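Given next are the chains, with one letter for each unit.
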Amino acid sequence: MTNQFDLTGDQTTIQDMARKFTADRITPFAAQWDEDCHYPVDVWKASGELGFGAIYVSEESGGIGLGRLEAALIMEAMAYGCPSTSAFISIHNMAAWMIDCFGSAELKSRFLPDLVSMNKIASYCLTEPGSGSDAAALKTSARLDGDHYVLNGTKQFISGAGYNDVYVAMVRTSDNGAKGVSCIVVEKDTPGLSFGAPEKKLGWNASPTAQVIFEDCRVPVANRVGAEGDGFRFAMAGLDGGRLNIGACSLGGAQRCLDEAVKHTKERQQFGQPIADFQNTQFMLADMATDLEAARALLYMAASKVNANAPDKSRFSAMAKRLATDSGSEIVNKALQLFGGYGYLRDYPIERFWRDLRVHSILEGTNQVMRMIIGRDLLRQ
């Protein structure tokens, strides 16, 4: 007997495929990627063969046309091996989806075939040094000059900057606040496009982060996504899905650390018995498992709402992102405590997840902004 909370057969198949790919291609190598700050482009290309470069790109455009719950299942499965790798798949998918959803037929035909296959990899450029949470205050300008825009400005914290082939950027085409923002696709070899030095980060070392710098960078008007002034609307439309995905990455990382903690506490002996036999250990594991399942249930529900375009989808996405990322970090922190001194060593995976998951409560909207969204939505009723 099935109920509304069970995954469908197709969803389970997708989840199993993503788990197998992770076990084969990500989990055994993730610690080395972190150590070497290695960006595993070959693994992206392999995931592209499974359709993971175009999870919610339409089938007409060559994607696999899945929903937001299926996307969350894939992100969660991949984050079990490496959260930064999984999060990058989310970023590439957001960029490809934006072109598919809002781009002209000509733009789609030029860019999507390579993005869908992950023959080319995309970055998404919204944040700037002076505009983080206040995204509509972005200053990067795009001045119309004949059949080109001339771009000037800097984008901050851009994943894949300097490595990736395609940059989907939000730029200012007029001074009209949020309505003055447009979306444009910039190719890596465009004159006037350059990149800052790779940032030295606490975690997410398998995903390079740097500034994207435009200096009189000429981009064809034909590379604009949708109409002039619609860019901020596209950016906001992408955020619900991005929040679900980053929440799912926290679920996957937390599940891995819970599994590792259960195994470790059964094996680790103190006072003549496995530490799993102590009630204190069992209570910690019980709370970790309960918090994880609660966050997962809310995230899957929010994904269903985004898929159905429910009126409260943004509130639920914000709730799910806030709970999954906060709970995920807390679960990993407890796992580290259960490992004791070993949890602090790089020989074990816990500290890497502790570092990687910390940024999830900052990006795709800080968890303080999530509370603002939820609170405003409640009071609007």
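Here's what I pulled together on the structure shown here.

What counts and how
- Residues numbered from 1 in each chain as written.
- Predicted model: local features only at pLDDT ≥ 70, side-chain atom pairs only at ≥ 80, totals over all residues.
- Heavy atoms only, no water.
- Phe/Tyr/Trp six-rings, centres within 6.5 Å; stacked < 30°, edge-to-face > 60°.
- Buried < 20%, exposed > 50% of the residue type's maximum accessible area, 1.4 Å probe, protein only.
- Helix = DSSP H or I, 4+ residues; strand = E, 2+ residues; numbered from the N terminus.
- Lys NZ or Arg CZ within 6 Å of the ring centre and 35° of its normal.
- Core = buried A, V, L, I, M, F, W, Y, C linked by side-chain atoms within 4.5 Å.
- Contact = heavy atoms within 4.5 Å.
- Pairing = 2+ DSSP bridges.

Below, the discussion takes up the packing of aromatic side chains. Scanning the model with the defined rule gives 12 aromatic pairs in all. Where Phe 29 meets Trp 33, the ring centres are 6.4 Å apart and the plane angle is 25 degrees; that geometry is what we call stacked. Among the residues examined, Phe 29 registers a relative accessible area of 38% and is labelled partly exposed. For Trp 33, a relative accessible area of 8% translates into the label buried. Between the aromatic rings of Tyr 167 and Phe 195, the centroid separation amounts to 5.3 Å while the plane-to-plane angle is 40 degrees, which identifies the pairing as tilted. A residue pair is termed long-range when its members are at least 10 positions apart, and Tyr 167 in strand S4 (residues 166–172) and Phe 195 in strand S6 (residues 193–195) qualify at 28 residues. Overall, the relative accessible area of 0% leaves Tyr 167 in the buried class. Exposure remark for Phe 195: the relative accessible area of 25% places this residue in the partly exposed category. The ring of Tyr 56 carries Arg 68 above its face, with NZ or CZ at 3.6 Å from the centroid. The lysine or arginine in question, Lys 305, covers the ring of Phe 316, its NZ or CZ lying 4.5 Å from the ring centre.

Counting residues in hydrophobic clusters, the biggest one holds 92 residues, and the most contacted among them are Met 98, Ile 99, Tyr 124, Val 168, Met 170 and Leu 299. Considering each element in turn, this core owes the most residues, 12 residues, to helix H7 (residues 231–267). Those residues in contact with Ile 99 that sit more than four places away from it in its chain are Leu 107, Lys 108, Phe 111, Leu 112, Leu 115, Val 168, Val 185 and Val 225. Listed in part, the 17 residues of the second largest apolar core include Tyr 167, Val 171, Val 186 and Phe 214.

A few words now on the pairing of strand S7 (residues 209–220). Pairing of strand S3 (residues 148–159) with S7, which is carried by 9 bridges, proceeds in the antiparallel orientation. Bridging across to S7, Tyr 149 finds its partner in Val 219. Note that S6 and S7 share 3 bridges and pair antiparallel. Note that in S7 the partner of Leu 193 across the bridge is Phe 214.

Our next topic: the pairing of S4. With respect to burial, S4 is a largely interior element, 7 of its 7 residues being buried. Alternating positions in S4 separate into two faces, Val 166, Val 168, Met 170 and Arg 172 on one and Tyr 167, Ala 169 and Val 171 on the other, with burial throughout. Across 4 bridges, the pairing between strand S1 (residues 122–125) and S4 is parallel. Paired with Tyr 124 across the strands is Val 168, a residue of S4.

So, about helix H10 (residues 350–358). The element H10 is largely enclosed, with a buried count of 7 among its 9 residues. Within H10 the residues assigned to the buried category are Ile 350, Glu 351, Arg 352, Phe 353, Arg 355, Asp 356 and Leu 357. Where H10 is buried, its residues contact helix H2 (30–36), helix H4 (68–79), helix H5 (83–102), H7 and helix H9 (313–339).

A word on unusual backbone geometry. In the Ramachandran plot, Asp 216 falls in the positive-phi region, its phi being about 50 degrees despite a non-glycine side chain. Examined against the element boundaries, Asp 216 turns out to sit in strand S7. Despite not being glycine, Glu 364 has its phi angle at roughly 55 degrees, a positive value. Relative to the elements of secondary structure, Glu 364 occurs in the loop between H10 and helix H11 (367–380). Owing to a relative accessible area of 18%, Glu 364 belongs among the buried residues under this scheme.

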